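Take a look at the letters that make up each chain.
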Amino acid sequence: MSIQFLHKFTTNLPSDTIEENYTRQVPKAAFSFVTPKIPSQPKLIHISKEVQNLIGFSDEFVQSETFLKLVSGAEIVSNAKPFAMNYAGHQFGNWAGQLGDGRAIVLGEIENNNQIFTLQLKGAGATPYSRRADGLAVLRSSIREHLCSEAMFNLGVPTTRSLSLVSTGDEVLRDVMYNGNPAMEKGAIVCRIAPSFIRFGSFELFSSQNDIENLKLLADYTISNYYTEIQLEGKEKYIEFFNSVAEKTREMIVHWQRVGFVHGVMNTDNMSIHGITIDYGPYGWLEDYNPNWTPNTTDAEGKRYRFGNQANIALWNLYQLANALYPLVEEAEPLETILNNFAKKYDEDFSEMMLKKLGITSKNEENDKLIQQLLYNLEQTETDFTIFFRNLNQINKEDSVEDCVSKINFSFYKSEEVTGIILETWHFWFAQYLTILKEETTSDDERKLQLNSVNPKYVLRNYMAQMAIELAEKENYSLIDELYTLLLNPYDEQPDFEKWFAKRPDWARQKIGSSMLSCSS
Ligand code: AMP
Ligand code: MG
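Worth saying up front: this structure is predicted, and the values here are computed from it rather than measured.

## Overview of the site of ligand 1
The full set close to ligand 1 counts 17 residues, and Gly100, Gly102, Arg131, Gly135 and Asn270 are the nearest of them. A distance of 3.2 Å separates a nitrogen atom of ligand 1 from a polar side-chain atom of Asp134. A distance of 3.2 Å separates a nitrogen atom of ligand 1 from a polar atom in the side chain of Arg174. Alone, ligand 1 offers 480 Å² of accessible surface; in the complex the protein occludes 83% of this. Of all the cavities here, the one that holds ligand 1 is the largest pocket. Residues of the shell around ligand 1, tallied by class, amount to four nonpolar, six polar and seven charged. Counting residues domain by domain, the shell around ligand 1 receives three or more from each of domain 1 (8-198) and domain 2 (201-355).

Written out as structure tokens, the structure reads:
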């Protein structure tokens, strides 16, 4: 099998004029050609068979030496001309200027089944955008990215994919909690896949440099390759483009809220122009429902990127994108209209999604109140988000409120707290819920099927990834494979894996890597 890279991005957009690889500002360029660092002893740890099939790689090829060289950066394979992308961004609400791929290197685009796939190595060495860092990634964060990308895809959440996980054989120095305790860790590389890795920050870069020519070039390139349904011309084209990005972004956030995913670093450089989840760093999964939770210790103070704030932040980020695109539109109103509609549309989508999680098909004010009351109840005592919603599939219309509470009892972290007023609020809530269910024409069986398609049984709980990481540090990769397999079918009952349908164990409550993560990866 021979791979043919297309070189679309690099032939259509401006290149850095300097070839040397050292940290610097790179003006008026969308990328710099770079060569990945040669790893000392690359080993393939895991492949996503699904991604392999998606991009049309044969079994024979992925077992070959050439494949290992490709996904570890050990050798430039076929006609690849690797490059690092230039972009800017707002980080934690502040303008950060040029950022760029400091530790990601694009191998190129390939085509399969009329789709374009960009292959990118994360952790393959320094680039002109590495600033003061080393361009490398550690095993723990690479395992987290590889497993979570695929888990998210299988949950139906728009996301970048991960083809492979490789250990490099090199050691990397990291201070996990930024507390002056650096240690050597194993290096690794993930080969991730997306239509492209263009971000909101890619547009902010040219706009901030007042480089309108390249801003237009990038927008035209993005639209003609990835938004081909847009047939408009002139400023209308860019308005429609912005509208599509806003829609896709909104849909992505609704999915995050549905499955309990907290991204953790929603900076504008981590927002894909395709509305797909990108950059799995200090992300986490809700265990007990807590809208104020963020796994990211770097954000512990302001909790800007907490679970319950993700839609607001998506909107904030879209404002930055609108500002960046403004020179192509030169009219604020159409962009403002799109931004102003975002919150209203999000609220509608959110309640529609929540009603689906409850198995309710009709939508009215009373049902919306039911959602609000539920979110309030879920915070009264630590309640497992995934288990609570999954166990709603046990409830029958003719159940008593006591039956209902006993069926969701497993989701309470401290069921002894569910007495008195807390128990009463649950009885009150289930009474209303049952009334609504009885008014619905769908049968219990039909509803259960529908519920099981939106409320996953299994997600990549923070402690699960941590267990896989701890074993992998000892070169035992069995749990990576087990979790990958489990999460191929997150909505299915999988009796052999029932042990993963469990609340976070107590040891994981305050553990680094499990409930606390930093950007040091
Ligand atoms: P992140 O918040 O992980 O998306 O990273 C923000 C910026 O820092 C991006 O420009 C990254 O490329 C860069 N970066 C993060 N980690 C490293 C690293 N180990 N070496 C070089 N650049 C990095
Ligand atoms: Mg990033």
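## A word on the nonpolar core
By size, the foremost hydrophobic cluster in this structure holds 133 residues, and its most contacted members are Phe203, Trp426 and Phe430. If we skip the residues at most four places from it in the chain, Phe203 touches Ile198, Leu215, Leu218, Ala219, Thr222, Phe241, Ile273, Leu321, Ala324 and Leu325. By size, the runner-up hydrophobic cluster in this structure holds 31 residues, among which are Ile3, Ile47, Leu121 and Ile189.

## Overview of the domain arrangement of the chain
For an interface, size is often stated in terms of accessible area lost upon the parts coming together. With domains assigned, the chain is organised as domain 1 (8-198), domain 2 (201-355) and domain 3 (360-441). On a C-alpha basis, the centroid separation for the pair domain 1 and domain 3 is 44 Å.

What counts and how
- Residues numbered from 1 in each chain as written.
- Chains lettered and ligands numbered in written order.
- Predicted model: local features only at pLDDT ≥ 70, side-chain atom pairs only at ≥ 80, totals over all residues.
- Heavy atoms only, no water.
- Near = heavy atom within 4 Å.
- Polar contact = N/O pair within 3.5 Å; in protein donor to acceptor, adjacent residues only side chain to side chain.
- Areas by Shrake-Rupley, 256 points an atom, 1.4 Å probe, with all protein chains shown as cover.
- 1 Å grid on protein atoms, 1.4 Å probe; cavity = no way out; pocket = protein on both sides within 12 Å on 5 of 7 lines; lining within 4 Å.
- Sits in = over half its atoms within 2 Å of the grid points.
- Nonpolar A, V, L, I, M, F, W, Y, C, P; charged D, E, K, R; others polar.
- Domains from an automatic or database assignment.
- Core = buried A, V, L, I, M, F, W, Y, C linked by side-chain atoms within 4.5 Å.
- Buried < 20%, exposed > 50% of the residue type's maximum accessible area, 1.4 Å probe, protein only.
- Contact = heavy atoms within 4.5 Å.

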